[in-house]
Every structure is written in C-alpha cells, then in structure tokens.
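Descriptive analysis of the structure
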Amino acid sequence: MKSFRDRNRDNRPHQPVKIRAEQARPRETGGVARPEAKLDERREPKAAQRVLSRREGALPAEHLPLILEVAPNQDYALLDSGAGQKLEQYGPYRIVRPEGQAIWQRALPARDWDRADAIFTGDTDEEGIGRWRFPGTPLGETWPMKHDGIDYLGRFTSFRHVGVFPEQASHWDHMAGLIAAAKRPVKVLNLFGYTGLASLVAARAGAEVTHVDASRKAIGWARENQELAGLGSKPIRWIVDDAVKFAEREERRGSRYDIILFDPPAYGRGPKGEVWQLFEDLPGLTDLCRAILTPKPLAVVLTAYSIRASFFAIHALMRDTFAGMGGKVESGELIIREKSAGRALSTSLFSRWVA
C-alpha cells in the first residue's frame with residue numbers, strides 16, 4: 001500500500017498508527033526483534049476511544065517560526081535540486097531521487113547530475129514499485145554510512161528512500177543536548193522509530209531508549225545499525241508493536257518517559273479496514289504522549305510530513321495539549337540547505353514542546 005505521503009511528495013513513508021507497517025510503509029530489510037518485542041504482541045481487549053477535553057492552565061510560551069536547517073557536511077549534502085529532482089551526496093555516493101517541491105531550475109550543469117551513482121526511476125503511483133538504476137558500477141543493496149561518527153547502513157529501497165532522513169539531524173542534536181544537560185538518567189521513547197538513527201543518537205548521549213515500530217523488517221535493520229555503530233551494549237529496547245497500542249499500555253502500566261519523539265503518517269489503512277487520518281487522530285495520540293511523560297519531562301517532538309497542513313495547526317495542538325506545563329512550544333519547518341545555489345529545500349513541518 002502506498003501512503004498519502006508517497007503519493008504526494010518525496011518524503012518519509014510511515015506505517016499507519018493502528019495497522020501493520022508492512023502494508024503501509026514498505027521496508028527492504030529482514031530481521032527478528034529482541035524478545036521484548038514479543039511481549040507486546042499479546043492479544044488484549046480493544047481500548048475505549050480516548051476522550052479528550054481541553055487542558056486547564058496557561059498555554060506554554062511560543063517561538064515561531066523556527067526554521068531548523070541542515071547544512072552540507074562530510075556525511076551528507078544536498079548538492080543541487082530542481083525540475084522535480086534532488087541530487088544528494090551520501091558518503092561516497094551521488095544519488096538522484098524525485099523531489100516534488102523542487103519546482104525551480106537546476107543550478108549545476110548536466111555533467112554534475114550525470115555523475116550520479118544511483119538514480120531512482122519509475123513513479124510509484126503509475127508504475128508500481130520503483131526501481132534504482134546504476135549508470136556505472138552496480139551497487140549493492142546496502143552501503144556503509146555515517147552520521148556524526150555513528151555508523152549505519154544506507155539501503156536502496158523500492159520506495160525511493162535510503163533509510164535515513166537527514167533533515168531530522170537538527171532534532172537529533174537538540175535531543176542529545178537535552179540528555180547531556182540533564183545530568184540524570186533520561187528515558188526516551190521513539191515512536192515510529194523506523195531504522196533507528198534517532199534511537200542510536202539518544203543512546204550514545206546516555207539515555208535509556210525504547211524504540212517502537214510496527215515493522216519487523218525495520219526493527220531488524222535498526223538492530224543491525226546498532227551493532228554496526230558499536231553501540232550494542234547501550235540500553236535500547238526494540239519493540240515490534242503498533243505505536244498507539246504500545247503507548248496506551250505504557251499509560252496503564254505507569255511507564256513514563258522524559259523525551260518522546262513521534263512522527264506519524266498522514267494517512268493509512270489497515271488489514272481490517274482501520275483508517276488513520278492525521279488531522280482526526282493526531283490529537284488523541286498527542287494527548288497520550290503527554291500522559292506518559294515523567295513528572296520532570298524534557299521534551300516532546302512531533303514531526304508531520306503532510307503537505308496540506310500549516311505548522312500553525314500542529315503548533316496550536318501542541319500548545320493546547322501541554323497547557324499548564326509551562327515550558328515553550330517551538331514550531332516551524334525542517335529544511336536542507338542546498339550546496340549549489342544555497343536554496344532551502346523544505347522537507348517537513350514540526351512542533352516541539354520543551355520544558
């Protein structure tokens with residue numbers, strides 16, 4: 001199944017909240033989760049629909065718009081963009097992928113684009129699963145990559161993605177700073193964790209991490225990245241589960257977290273007809289995230305890859321949800337700064353509450 005995001009722009013595909021990820025966010029890796037994952041696959045009675053009411057108390061302070069920028073570096077660079085495509089440098093490889101928002105013209109000459117090592121071809125709407133073309137030496141399915149000294153595997157998937165979303169680096173750096181500054185044990189929950197880079201950053205910074213994703217393949221890939229990064233001894237729980245169901249159980253169990261990251265899809269449909277609609281279901285998930293925070297939380301980070309939303313919408317939701325808790329809500333966009341002409345390529349909206 002193709003997600004709303006895949007049909008409309010070249011951004012991260014996510015599993016729907018109440019469905020199996022294999023049906024909504026195709027993954028290109030195998031692997032089996034740790035035993036902890038199996039504990040959360042037990043059949044449980046369906047929870048009653050969450051009843052929401054407006055929170056009492058003053059709204060948090062606000063900072064907007066906040067534009068979080070990723071500049072070119074030795075690990076990753078957006079070399080150029082335009083004409084509906086982007087030319088990226090991932091370590092030693094140049095990669096060309098579709099980018100619907102690049103409606104301008106390319107700044108680099110054709111010869112620079114022609115040097116690409118891998119090119120994604122085929123439209124996932126009209127031609128089914130896309131394909132990678134290798135103009136020179138054929139590349140393997142995976143290749144070694146780094147982010148800020150953390151080793152991980154890039155992977156050519158059939159849905160144009162490569163297993164890392166570099167625009168998220170701003171959030172990762174911010175989270176690592178909060179963990180280091182806390183000077184105490186910090187528990188991080190990473191919902192819709194995908195291939196695990198955010199979890200690895202948090203673990204390296206000293207946090208105890210719970211990583212939740214409904215796809216066994218994604219969990220297998222994430223665990224592979226953990227070992228490759230030399231972080232096998234770090235406390236990371238890899239959980240194969242539906243994000244909402246897991247969070248609901250954590251609320252009942254009294255489990256609490258200092259930092260929560262969540263990055264839900266815009267749309268999804270499950271095997272039994274369950275439907276996730278971002279604007280209908282996001283308020284309940286956001287409220288649930290507040291409910292499983294520790295008494296002295298540090299941050300909650302929401303990312304939304306939805307083209308028909310304004311960041312003002314999720315900004316207002318986050319301020320309402322965290323009313324009475326003080327702190328500040330910062331909202332805006334994640335962008336990647338282009339190396340060729342210095343243009344900013346917007347990738348997603350975000351809103352984060354910081355204590």
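This write-up is about the structure you can find in this document. The shown structure was predicted, so the numbers you read here are calculated from the model rather than taken from an experiment.

This part is about the packing of helix H9 (residues 278-291) against helix H10 (residues 311-321). It is at 10 Å that the axes of H9 and H10 come closest, and there the two elements cross at 40 degrees. Relative to H10, the element H9 is oriented oblique. In this structure, H9 meets H10 at a crossing whose hand is right-handed. The residues of H10 that touch H9, namely those facing Leu282, Pro283, Thr286, Asp287 and Arg290, are Ile314, Leu317, Met318 and Thr321. The residue makeup of the contact of H9 with H10, split by class, is five nonpolar, two polar and two charged.

If you trace the eight strands from one edge of the open sheet to the other, you get S1-S16-S17-S15-S12-S9-S10-S11, paired in mixed fashion. Either end of the sheet is taken by a strand with one partner, and the two such strands are strand S1 (61-70) and strand S11 (236-240). Going from strand to strand, the sheet's axes swing by 15 degrees on average, the running direction of each strand aside. Here strand S16 (residues 328-337) runs beside strand S17 (residues 344-354); their pairing, made up of ten bridges, is antiparallel. Residue isoleucine 335 lies in a different strand from S17, and its bridge partner there is serine 346. Packed onto the sheet, helix H5 (residues 169-182) meets S1, strand S9 (187-191), strand S12 (259-262), strand S15 (299-304), S16 and S17 and runs at close to 120 degrees relative to S1.

Mapped onto the elements, threonine 294 comes out in the loop between H9 and S15. Overall, the relative accessible area of 14% leaves threonine 294 in the buried class. In terms of polar contacts, threonine 294 uses its side chain to reach the side chain of aspartate 258, at 2.8 Å. In this structure, threonine 294 is in contact with Arg256, Tyr257 and Asp258, ignoring residues within four places of it in sequence.

With that out of the way, let us pick up H9. An ideal rise of 1.5 Å per residue puts 20 Å on 14 residues; H9 measures up with 19 Å between its terminal C-alpha atoms. Residues Leu278, Leu282, Gly284, Leu285, Thr286, Asp287, Leu288, Cys289 and Arg290 constitute the buried set of H9.

We now examine unusual backbone geometry. Look at the link from leucine 64 to proline 65: it is a cis peptide, with omega at -10 degrees. Looking at the secondary structure, you find proline 65 in strand S1. Positive phi is not limited to glycine here, since phenylalanine 192 has a value of about 55 degrees. Mapped onto the elements of the fold, phenylalanine 192 is located in the loop between S9 and helix H6 (197-204). Accessibility expressed as a relative area gives 1% for phenylalanine 192, which makes it buried.

Quick look at the pairing of S16 now. Taken across its ten residues, S16 has seven buried, putting it largely inside the fold. Following S16, the chain reverses through six residues before pairing antiparallel with S17; glycine 342 in that reversal takes a positive phi of roughly 75 degrees.

The next thing to look at is the pattern of salt bridges. Pairing is possible between side chains of opposite charge, provided their charged atoms come close. Following the criterion strictly, the structure yields 21 salt bridges and no others. The partner of arginine 55 in a salt bridge is aspartate 287, and the shortest N-O contact between them spans 2.8 Å. Taken as a pair, arginine 55 in the loop between helix H3 (35-39) and S1 and aspartate 287 in helix H9 lie far apart in primary sequence, 232 residues in all. Looking at arginine 55, the relative accessible area reads 26%, which means it is partly exposed. Salt bridges here are not isolated pairs; linked through shared partners, they connect Arg50, Arg55, Glu251 and Asp287.

Turning to the sheet that holds strand S2 (residues 76-82), a few remarks are in order. Strands sit in the order S2-S3-S4-S5-S6 across an open sheet of five strands; the sheet is mixed. Both outer strands of the open sheet, S2 and strand S6 (131-133), are each paired with one neighbouring strand and no more. Strand-to-strand twist in this sheet, taken as the mean axis angle between neighbours without regard to direction, amounts to 25 degrees. Relative to S6, strand S5 (residues 118-121) runs antiparallel, the two sharing three bridges. Residue pairing for S6: isoleucine 119 is matched across the bridge by arginine 133.

Rules behind the numbers
Residues numbered from 1 in each chain as written. Predicted model: local features only at pLDDT ≥ 70, side-chain atom pairs only at ≥ 80, totals over all residues. Heavy atoms only, no water. Axes fitted to C-alpha atoms, helices over the stretch in contact; angles between N-to-C directions. Helix = DSSP H or I, 4+ residues; strand = E, 2+ residues; numbered from the N terminus. Parallel < 35°, antiparallel > 145°, perpendicular 65-115°, else oblique. Left-handed = near helix turned anticlockwise from the far one by under 90°. Contact = heavy atoms within 4.5 Å. Nonpolar A, V, L, I, M, F, W, Y, C, P; charged D, E, K, R; others polar. Pairing = 2+ DSSP bridges. Buried < 20%, exposed > 50% of the residue type's maximum accessible area, 1.4 Å probe, protein only. Polar contact = N/O pair within 3.5 Å; in protein donor to acceptor, adjacent residues only side chain to side chain. Expected span 1.5 Å × (residues − 1). Salt bridge = Lys/Arg side-chain N within 4 Å of Asp/Glu carboxyl O.

Everything listed here is a matter of coordinates, which is why it stays silent on function.
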